[in-house]
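So the chains spell out like this:
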Amino acid sequence: EVQLVESGGGLVQPGRSLKLSCVASGFTFSNYGMNWIRQAPGKGLEWVAYISSGSSYIYYAETVKGRFTISRDNAKNTLYLQMTSLRSEDTALYYCAPNRFDYWGQGVMVTVSS
Amino acid sequence: DVVLTQTPPTLSATIGQSVSISCRSSQSLLHSNGNTYLHWLLQRPGQSPQLLIYLVSRLESGVPNRFSGSGSGTDFTLKISGVEAEDLGVYYCVQGTHAPYTFGAGTKLELK
């Protein structure tokens with residue numbers, strides 16, 4: 001059974017940093033590109049970042065470019081999102097999903113507020 | 001960036017009715033490798049999204065065949081042939097052809 005478990009969220013002040021993790025199981029993680037997607041409360045889905053299977057290709061949404069860094073550790077079946085210079089508009093439920101968006105975790109909540 | 005325009009934003013349907021959702025792209029989603037990375041997701045209330053259709057028209061495993069996808073280039077359609085109560089929620093199209101990838105704004109399917 002495929003599982004994606006996101007963690008690392010919480011309440012953080014504007015300007016601070018946070019690092020999210022997504023642990024994958026039930027499929028060969030190292031073979032798949034991975035995405036981070038977020039959903040602000042009551043809003044639609046917003047794609048955040050993508051990393052290819054071997055980390056050769058990395059893309060970001062303009063809203064997070066220069067502030068967020070996506071990475072992965074294939075030996076640990078883990079995807080990361082390092083978030084810096086956080087803003088109130090980054091408040092959202094963050095999901096990880098493979099490149100075809102075929103599996104989703106429950107998401108992890110990030111709240112940016114003073 | 002590619003803009004995906006979904007219409008209608010809200011759809012009211014009765015059980016058994018057939019409905020369609022449109023997703024129009026600001027540029028062609030045909031990748032240089034010949035694939036068109038346009039997918040459809042459903043997010044039921046309080047749940048994570050689930051994949052329904054991938055690569056325009058391929059039905060994801062376990063998804064009922066009342067769901068179908070069609071289209072090419074910039075115009076795509078999701079059809080539900082006979083809405084059931086479990087189909088209620090918000091439908092999103094998403095493109096993975098051109099980075100940055102983008103989602104449509106969503107279409108909320110409600111019961112009439």
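Here, every reference points to the structure presented above.
Residues numbered from 1 in each chain as written. Chains lettered and ligands numbered in written order. Predicted model: local features only at pLDDT ≥ 70, side-chain atom pairs only at ≥ 80, totals over all residues. Heavy atoms only, no water.

What about the pairing of strand β9 (residues 92-98) of chain A?
All names here are of chain A. In terms of burial, β9 is a largely internal element, 6 of the 7 residues being buried. Relative to β9, strand β4 (residues 34-39) runs antiparallel, the two sharing 6 bridges. Opposite I37, over in β9, you have Y95 as the bridge partner. Summarising the sheet, β9 and strand β10 (residues 108-112) pair through 3 bridges and their orientation is antiparallel. Residue pairing for β10: Y94 is matched across the bridge by V108. (Buried < 20%, exposed > 50% of the residue type's maximum accessible area, 1.4 Å probe, protein only. Helix = DSSP H or I, 4+ residues; strand = E, 2+ residues; numbered from the N terminus. Pairing = 2+ DSSP bridges.)

Some words on the interface of chain A and chain B
At the interface, 20 residues of chain A touch 16 residues of chain B. By the criterion of area lost to chain B, the three top residues of chain A are L45, R100 and F101 of chain A, representing 42% of everything that side buries. For the pair chain A and chain B, the number of links is 1 salt bridge. Across the pair R100 of chain A and E60 of chain B runs a salt bridge, and its minimum N-O distance is 2.6 Å. Among the secondary structure elements, those contributing two or more residues to the side of chain A that touches chain B are β4, β5 (45-51) and β6 (58-60) of chain A. (Contact = heavy atoms within 4.5 Å. Buried area = accessible area lost by both parts, 1.4 Å probe. Salt bridge = Lys/Arg side-chain N within 4 Å of Asp/Glu carboxyl O.)

Some points on the state of the cysteines
Using the criterion set out here, one finds 2 disulfides over all chains in the structure. Covalently, C22 of chain A is tied to C96 of chain A through a disulfide, its sulfur atoms 2.0 Å apart. Residues C22 of chain A and C96 of chain A are joined through a disulfide that is right-handed, its torsion about the S-S bond being 60 degrees. A residue pair is termed long-range when its members are at least 10 positions apart, and C22 of chain A in strand β3 (residues 18-25) and C96 of chain A in strand β9 qualify at 74 residues. Since its relative accessible area comes to 0%, C22 of chain A is described here as buried. Note on cysteine connectivity: C23 of chain B is disulfide-linked to C93 of chain B, with sulfurs 2.1 Å apart. Taking the torsion about the sulfur-sulfur bond, which here is approximately 80 degrees, the covalent link between C23 of chain B and C93 of chain B counts as right-handed. On the criterion of sequence distance, the pair formed by C23 of chain B in strand β3 (residues 18-25) and C93 of chain B in strand β9 (residues 89-95) is long-range, its members being 70 residues apart. The class of C93 of chain B is buried, set by a relative accessible area of 0%. (Disulfide = S-S within 2.5 Å.)

So, the sheet that holds strand β1 (residues 3-7) of chain A
Residues and elements named next belong to chain A. Strand order in the open sheet formed by 4 strands is β1-β3-β8-β7, and the pairing between neighbours is antiparallel. A single partner strand is all that each edge strand has here, and the edge strands are β1 and β7 (68-73). In this sheet, neighbouring strand axes are inclined to one another by 15 degrees on average, regardless of whether the strands run parallel or antiparallel. Here β1 pairs with β3 via 5 bridges, running antiparallel. Paired with S7 across the strands is S21, a residue of β3. (Axes fitted to C-alpha atoms, helices over the stretch in contact; angles between N-to-C directions.)

Scope: geometric values only; no functional claims are made or implied.
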